[in-house]
Amino acid sequence: MQDRESDGCLIRERDFGRMKRQFDVIVIGGGVNGCGVARDLALRGVKVLLLDKGDLSMGTSWASSGMIHGGIRYLLSDVSTTRKSCTDAGYIMRIAPHLIFRIPMVYPVLKEEGLAGRVKLEGATALFSVYDHFQPLKGGMPHQRLTVEELKRIVPDVNPEVIGGVVTDEWGIDVPRLCVANALHAVELGAKIRTWSEVTNLLMDGKTVTGVRWKDVVTGRIHEASSTLVINCAGPWAPKIAAMAGAEVKLRPAKGVHLVLDRRIGDIGVLASAIDGRQVFVIPHENGSLIGTTDDDYYGDPDELVVTEDEIAYLFQAVERSLPGIRGARVVKTIAGLRPTLFEADKYEDDLTRDHRVYDHKTGDGVHGFVTLAGGKLAAYRVMAEETADLACRKLRVSARCVTHTVPLPGGGEQPDATELAKEFGIDPYAVRRLIFRQGNRARDVLELVREEPRNAALICDCEPVMEAEIRYCIRHEMVRRPVDLIGRCRISEGPCQGYGCLMQAALIFGDERGLSHAEVMNEAAYMLQEKWKWRRPVLTGAQLAVEDLYRMVHQAVLDPKGVSTKEVF
């Protein structure tokens, strides 16, 4: 596919031939940490280029549980992480209120656990009481002890053999949109973003990193850019990037798997104990539910994650203890990712620290002009970015201080009234509410496209729902280089249909906006279906597999009417 962006947020191919390629900082990695660092530096007036080998948030950030929680279990061994996470969660709520939703979490205790269960109930009550001291930092409510009747009333499907429980308060967030919002703000402040750009080498002058060389995945072209400092925010890939500079970053990557259900099981999250004693959960997320998560040491290639039958069975077995009817919901896909956990030996995976570290490789490896951010949690991304940007600014002799905790992200600030917008533009109120959830106070800018062209009010994805106006807006203004990027921008294909009712239309709209040929559009559509299939395949059985085969046949007929290659699709 030729690169024909019209998006002002992106560096275009033609611009590389005439632009000055000197930056103060080049950030490698477009997850929440990399985007957070780019925004922080841009707010301080630093000239930044951010590169990612795929789309924004496609790695660890995309595979997270989507919660900015305080990490109550860290109270037992890592109180500073709980305090840091709760504090930063509070800041995120203030700068991006439209992306946040409340998730009450219930911990039910079962009769089958006997005396141990009663001890656990008392212990949980005591632990949540301590956690209450941190709740105000993130706007959470204090815990409550629940009787059997209260528990069954708020979670009707709970195991009837319960003896009581405890409920606490957490927050969920749309992580891809959080990454995009940080990146958008960085761009609006002068930063440059280049997605689908894989770093192949670090440019070196002796023991000093002077820039990067990357391959454009879309065009196949090779580019270089120089900088005073390179910041490695590549998550599980950080050791590989560090090795290019002759530096070392030691991680202990942990594989985490989630199952995505086709519906909301309820509006309250439920905790459960797995067979090995680990705590897992089922939580409402967006329009569906998530079951998660596993936590296992991983020694393979970060690009070759596979969800196994054992992992699926492990999660179901755990959740069934608290919600016996959970298998009545359909699993529409799996998610697998790697936590870039800091290396520690002689510990179980669950006991590893969730703190982070900023490596100045000048000190540890004698490599100048190179910094790595590793470890940490989603909830603490902003403070992690702040610490990294502080170090970068000291090296650059920039005196500006961090303001990311006070300046709203794009879409933040005062939010529009969904009912009024729906009435003004003649759009279904629910569609407008979902649009506001993603775009915040920029929802009106999207809806203005309906005023310009009434057909843009059409729903392309009924599950979410997503209007044609939002797709066109994202393509024009939100760094969309390939149709697959729309999955993270507006959640197209993330509902129960998993794209079989909307991905083709999204690809056609992208082709229309970019002026692509029919063959280019069909190949991009095939790639989107391939990506969705990769995460659906582990859970397809019986009638669901038969329906999948039918959809595959229909789409292959559409994709390949004139010999367009589909051999890589499935």
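Residues numbered from 1 in each chain as written. Predicted model: local features only at pLDDT ≥ 70, side-chain atom pairs only at ≥ 80, totals over all residues. Heavy atoms only, no water.

Enquirer: So what's going on with the pattern of salt bridges? Which residues, and what values?
Expert: Any two side chains of opposite charge can pair if their charged atoms end up close together. Evaluated as defined, the whole model comprises 47 salt bridges. Here Asp88 and Arg382 are joined by a salt bridge, their closest N and O atoms 3.0 Å apart. In this pair, Asp88 sits in helix 3 (residues 79-95) while Arg382 sits in helix 10 (residues 381-396), placing the two residues 294 residues apart along the sequence. Summarising the burial analysis for this pair, Asp88 and Arg382 share the class buried. Bridged by salt links that share partners, the residues Glu286, Arg434, Arg438, Glu464, Glu470 and Arg491 form one connected network. (Salt bridge = Lys/Arg side-chain N within 4 Å of Asp/Glu carboxyl O. Helix = DSSP H or I, 4+ residues; strand = E, 2+ residues; numbered from the N terminus. Buried < 20%, exposed > 50% of the residue type's maximum accessible area, 1.4 Å probe, protein only.)

Enquirer: So what about helix 17 (residues 518-536)? Which residues, and what values?
Expert: A rise of 1.5 Å per residue sets the reference length of helix 17, with its 19 residues, at 27 Å; its end C-alpha atoms lie 27 Å apart and thus fit the reference within 8%. Burial analysis of helix 17 places 14 of its 19 residues in the buried class, which makes it a mostly covered element. (Expected span 1.5 Å × (residues − 1).)

Enquirer: Explain helix 11 (residues 418-425) to me, and be specific about the residues and the numbers.
Expert: Those residues of helix 11 lying buried are Ala418, Leu421, Ala422 and Phe425. Seen along its axis, helix 11 keeps its buried residues to an arc of 100°; they face one direction. Counted as exposed and oriented over 90 degrees from the buried face of helix 11: Thr419, Glu420 and Lys423. Along its buried surface, helix 11 packs onto helix 12 (429-439) and helix 13 (443-452). The residue sitting at the N-terminus of helix 11 and contributing the capping side-chain oxygen is Asp417; that oxygen lies 3.1 Å from the backbone nitrogen of Thr419. Downstream of helix 11 by one or two residues, Gly426 has phi in the positive range, about 70°. (Arc of directions from axis to C-beta. Contact = heavy atoms within 4.5 Å. Polar contact = N/O pair within 3.5 Å; in protein donor to acceptor, adjacent residues only side chain to side chain.)

Enquirer: Before we move on, could you go through the environment of Ala389 and cite the residues and values that matter?
Expert: You can see Ala389 is positioned in helix 10. Note: C-alpha distance between Ala389 and Val466 (77 residues apart in sequence) is 36 Å. For Ala389, the residues in contact, after removing those within four places along its chain, are Asp40, Leu41 and Arg44.

Enquirer: Any details on the environment of Gly288? Residues and values, ideally.
Expert: Checked against the element boundaries, Gly288 lands in strand 13 (residues 288-292). Ignoring anything within four residues of it in the chain, the contact list for Gly288 reads Leu261, Arg263, Arg264 and Ile283.

Enquirer: With reference to specific residues and values, describe the pairing of strand 7 (residues 197-205).
Expert: Here eight bridges tie strand 7 to strand 8 (residues 208-216), and the two strands are oriented antiparallel to one another. By the bridge assignment for strand 8, Val199 is matched with Trp214. Following strand 7, the chain reverses through two residues before pairing antiparallel with strand 8; Gly206 in that reversal takes a positive phi of roughly 65°. (Pairing = 2+ DSSP bridges.)

Enquirer: A description of the packing of aromatic side chains should follow, citing residues and the corresponding values.
Expert: Summed over all chains, the structure comprises three aromatic pairs. Between Trp62 and Trp535 the ring centres are 5.7 Å apart and the planes differ by 45°, which places this aromatic pair in the tilted class. With Trp62 in the loop between strand 2 (48-51) and helix 3 and Trp535 in helix 17, this pair connects stretches of sequence that are 473 residues apart. A centroid spacing of 6.2 Å and a plane angle of 75° characterise the contact between Trp196 and Tyr527, whose relative ring orientation is edge-to-face. Highlighted residues: Trp196 in the loop between strand 6 (192-194) and strand 7 and Tyr527 in helix 17, separated in sequence by 331 residues. Residue Trp196 is classed as buried on the basis of its relative accessible area, which comes to 4%. (Phe/Tyr/Trp six-rings, centres within 6.5 Å; stacked < 30°, edge-to-face > 60°.)

Enquirer: Account for the packing of helix 2 (residues 32-43) against helix 10, naming residues and giving values.
Expert: A pair of packed helices can be characterised by two numbers: the angle between their axes and the separation between those axes. Following both chains from N to C, one finds helix 2 and helix 10 inclined at 50°, their axes separated by 8 Å at the closest point. Comparing the axis directions of helix 2 and helix 10 gives the class oblique. The hand of the helix 2/helix 10 crossing is right-handed. Contacts between helix 2 and helix 10 involve Val32, Asn33, Gly36, Val37, Asp40 and Leu41 from the first element and Tyr381, Met384, Ala385, Glu386, Thr388, Ala389, Ala392 and Cys393 from the second. (Axes fitted to C-alpha atoms, helices over the stretch in contact; angles between N-to-C directions. Parallel < 35°, antiparallel > 145°, perpendicular 65-115°, else oblique. Left-handed = near helix turned anticlockwise from the far one by under 90°.)

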